[in-house]
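What follows is the residue order along each chain.
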Amino acid sequence: MIAFDFAQLRLIGLQQAIAGAATQLDLSSPAAQLLRVSAVHRDSIGVHDGILEHPAQILPRLLHELQAQDDVLTVGDWVAAEHDAHGTLWITAHLSPVTQIARRGNDGRRQVLASNVDTALLVMGLDGDFNPRRLERYLAIVLAAQVTPVVVLSKADVADDVAGKLAQLKQRLPQHVPLFAVDTRHAYDVAILEPWLGAGQTLVLLGSSGAGKSSLTNTLCTAGQATDAVRHGDGRGRHTTTARSLHQCADGACIIDTPGLRSWQADADAQTLAATFDDIAALASTCQFRDCRHASEPGCAVRGAVDADRLRNYHKLLRDARRGEATPLERIAARAKWKTILKAGLERGKDKRR
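Now for a look at the structure at hand. (Residues numbered from 1 in each chain as written. Predicted model: local features only at pLDDT ≥ 70, side-chain atom pairs only at ≥ 80, totals over all residues. Heavy atoms only, no water.)

1. Quick notes on the packing of aromatic side chains
Applicable threshold: Aromatic pairs are defined between Phe, Tyr and Trp rings, using the six-membered ring for Trp, whenever the two ring centres lie within 6.5 Å; interplanar angles under 30 degrees are classed as stacked, those over 60 as edge-to-face, and all others as tilted. Starting at the N terminus, helices and strands are each numbered in turn, a helix being any DSSP run of H or I of at least four residues and a strand any DSSP run of E of at least two. Classification of residues uses two cut-offs on accessible area relative to the type maximum, computed with a 1.4 Å probe and protein chains only: under 20% is buried, over 50% is exposed, and between them is partly exposed. We call a charge positioned above a ring when the Lys NZ or Arg CZ atom is no farther than 6 Å from the ring centre and deviates by at most 35 degrees from the ring normal.
Counted according to the given criterion, the structure contains two aromatic pairs. Ring geometry for Phe-277 and Tyr-314: centres 5.2 Å apart, planes at 65°, overall edge-to-face. Of this pair, Phe-277 sits in the loop between α8 (270-276) and α9 (278-284) while Tyr-314 is found in helix α10 (residues 308-325), placing the two residues 37 residues apart along the sequence. The same class applies to Phe-277 as to Tyr-314, namely buried. Positioned above the aromatic ring of Phe-130, the side-chain terminus of Lys-165 is 5.5 Å from the ring centre.

Have a look at this one:
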């Protein structure tokens, strides 16, 4: 059994589902505390009690259990911890997250970005950072994790053709996804996000470097995150934020800020990813062929109705997902197949030249 102050922990996102799971923990010590992971450092874990952040260590037994499950503690996790006789705080148990946003690296490994998140603020600059295809990737990953997305377009005060870019995104993105153009440095501008900042809510900021995530965190939470200008010439951002961290907001919500990520591969299967493109899924049901791939098949209801670049992005995401699902033997077989096709093509080319 574990005792905790629900009102105090609600300031850092505690909800009834987590509180109920915490009461079921089988703990040997009555002195255990329910805490939330607020930062992960190389040599310690930052945990928060709703008032202050404290350094903690992972109990070796728990660390081995997590490694056996190919899992790690990440910002947003809820844990049980207790002090030893020397005053060191040890994390002794980990509660399974309600939601988890993760990506796959180029090596296929799963990287968890944040846990127990209610809303993802997808931040993209209206300057050189503007990239609808990348935004669709963010959106697919968040929807696959069953987290509510909100698109925040930053630098609306300095960008060119804001209205045109907004119209382009409204045409491409699902209608149910909120879309706002703001200046992230000013409180009166970001006040439009208040519906997602209620007490007990957890938000995560996702976007590329220099998009304005830390500026938005500072405005919403007075967090004091370091910020920097984008590079001259290409508008690329610098990695000002180097680690994920949790920040409290005045109205009782909390925000997880994240470093900019350039490589995004969805941690979801092809079927789940396809469902996140609900406009394409709805149109596909009226195609002439049930297994239509929306390429060159006759009677396709998708090709003429969906933005061509959005459709290409959809196919690329599905290819990435299918590659991730393939077993090592299937990957070897696929490489052998394409080698055979390439070799046959080269032979045909030689025959024609003779």
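That was the structure; now back to the text.
2. Description of the pattern of salt bridges
Our working definition: When a carboxyl oxygen of Asp or Glu is within 4 Å of a side-chain nitrogen of Lys or Arg, the pair counts as a salt bridge.
Using the criterion set out here, one finds 12 salt bridges in the structure. The shortest N-O distance in the salt bridge between Arg-133 and Asp-309 comes to 3.5 Å. Of this pair, Arg-133 sits in helix α4 (residues 132-144) while Asp-309 sits in helix α10, placing them 176 residues apart in sequence. With a relative accessible area of 28%, Arg-133 lands in the partly exposed category. Connected through shared salt-bridge partners, Arg-133, Glu-136, Arg-172, Asp-279, Asp-307, Asp-309, Arg-310 and Arg-312 make up one network.

3. What about the pairing of strand β1 (residues 33-40)?
Stated precisely, the cut-off is as follows: Think of it this way: DSSP has to see at least two bridges between two strands before they count as a pair.
Counted residue by residue, β1 has six buried out of eight residues, so it is predominantly covered. Here four bridges tie β1 to strand β4 (residues 78-83), and the two strands are oriented antiparallel to one another. Bridge pairing in β4 links Leu-34 to Ala-80. Two strands pair when backbone bridges link them, and β1 and strand β2 (residues 45-48) are joined in this way by four bridges, in the antiparallel orientation. Bridge pairing in β2 links Arg-36 to His-48.

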